[in-house]
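Summary of the model geometry
Letter by letter, the chains look like this.
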Amino acid sequence: MKKTGKVLLVILGILFLVGAAGIVYYNSKLNLLDFDHEETEIDPTAVESEPIEDYDLSGEEIRDEVGELPEGEAVSSDDVINILLLGTDERTKDFSENARADSMMLVSLNIKTGSVKLVSFERGLGVKIAGRNDDWLTHTFRYGGAQLTMDTISTNFLVNIDGYVRTNFNFFAQIIDSIGGVDIELTQAECDGLNGLVYTNAQTKHWVNPGVNHLDGYDALQYCRLRYTDNDWHRIERQRNTVQAVINQTKTLSLADLNNLADTCLPMVRTSLTKEQITQLLLASPKFMGASAQQMTIPAEGTHWGRTGVDGRSLIDCDFQKNAEILKEFLYEE
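The present account deals with the structure reproduced in this document. Values in this document were obtained by computation on a predicted structure and should not be read as measured data. (Residues numbered from 1 in each chain as written. Predicted model: local features only at pLDDT ≥ 70, side-chain atom pairs only at ≥ 80, totals over all residues. Heavy atoms only, no water.)

**Quick word on the pairing of strand β3 (residues 101-110)**
Burial within β3 is extensive, with 10 of its 10 residues counted as buried. Pairing geometry for strand β2 (residues 80-88) and β3, over 9 bridges, is antiparallel. Directly across from asparagine 82, in β3, lies its bridge partner serine 108. Where β3 lies against strand β4 (residues 116-121), 5 bridges are found, and the strand directions are antiparallel. Looking at the pairing, serine 108 lines up with lysine 117 of β4. Hairpin connection, β3 to β4: the antiparallel pair is bridged by 5 residues, and glycine 114 has positive phi, about 80°. (Buried < 20%, exposed > 50% of the residue type's maximum accessible area, 1.4 Å probe, protein only. Helix = DSSP H or I, 4+ residues; strand = E, 2+ residues; numbered from the N terminus. Pairing = 2+ DSSP bridges.)

**Some words on the packing of helix α3 (residues 169-178) against helix α5 (residues 217-225)**
In the contact formed by α3 and α5, the axes pass within 7 Å of each other and the chain directions differ by 125°. Judged by the angle between their axes, α3 and α5 are oblique. The crossing of α3 and α5 is right-handed. Residues Phe169, Phe172, Ala173, Ile176 and Asp177 of α3 lie in contact with α5, whose contacting residues are Gly217, Tyr218, Ala220, Leu221, Cys224 and Arg225. Looking at the contact of α3 with α5 residue by residue, the classes come out as 8 nonpolar, 1 polar and 2 charged. (Axes fitted to C-alpha atoms, helices over the stretch in contact; angles between N-to-C directions. Parallel < 35°, antiparallel > 145°, perpendicular 65-115°, else oblique. Left-handed = near helix turned anticlockwise from the far one by under 90°. Contact = heavy atoms within 4.5 Å. Nonpolar A, V, L, I, M, F, W, Y, C, P; charged D, E, K, R; others polar.)

Pasting the structure below:
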């Protein structure tokens, strides 16, 4: 064999070994995830551990009108991947089957254009649940897990959901710490609440001031939970702002930082996405790094009202057909 042929074989051998090592490394990272591919059965006997509470309907027009389910099929596109990000309310390191989805946010990624869109779903939205009276959207997770929450959102708003990613309060703070914290712009009212100057449900460990503040995991979590200084609509907007801040922070990380991030965060995440879906997203990830996400809340402004459910629960109702059309336009039309 000629010398050049031997050199070529050696180079190919090295490339093979490097490629094989890369595949092993990649799979080792994916295996850190908590994969969930089992569909949770709806539990008709499940009850809320929390007593029925009133939802804050201040500022809402009160009607007896019940929103009707929209007509049509769920919309989908080969270019758009919709992932439901679920933030459940455990305060421990372990996931619980009795948790509620305190935060429900659709992360929509267009792999063709590289656009990122974030859609929050109001947790107090009244929805029809199989075998039950109308109840809050947040409770669907308690009754049938992530699958029921995804199915409910898909049915009520005609949107295709490719899978879910779940984390909880405890993990959220650790994820923020693992990337070195996030920059969040605060209003005076938010600062008054977070500093404990007014009645609130959340208070930071560090004093904050109006303007941009660098928050660690604990303080970022308090920012996301804050609601008594305004209302739940602002609260879910704060949650989206924090997701955007995480996206902004990741673009500054080195390869070593990203490796550490993977080792820290992946074991804290449960997902129904397959390894093939995750690989597809990773291949497209350079388009999304540091992207500025478009944001919205469902139900949209001017399409909702307050009413009392059959069990006496205060809830938000809406024009589901109109919101399905708004969501379709937002996610699929450039």
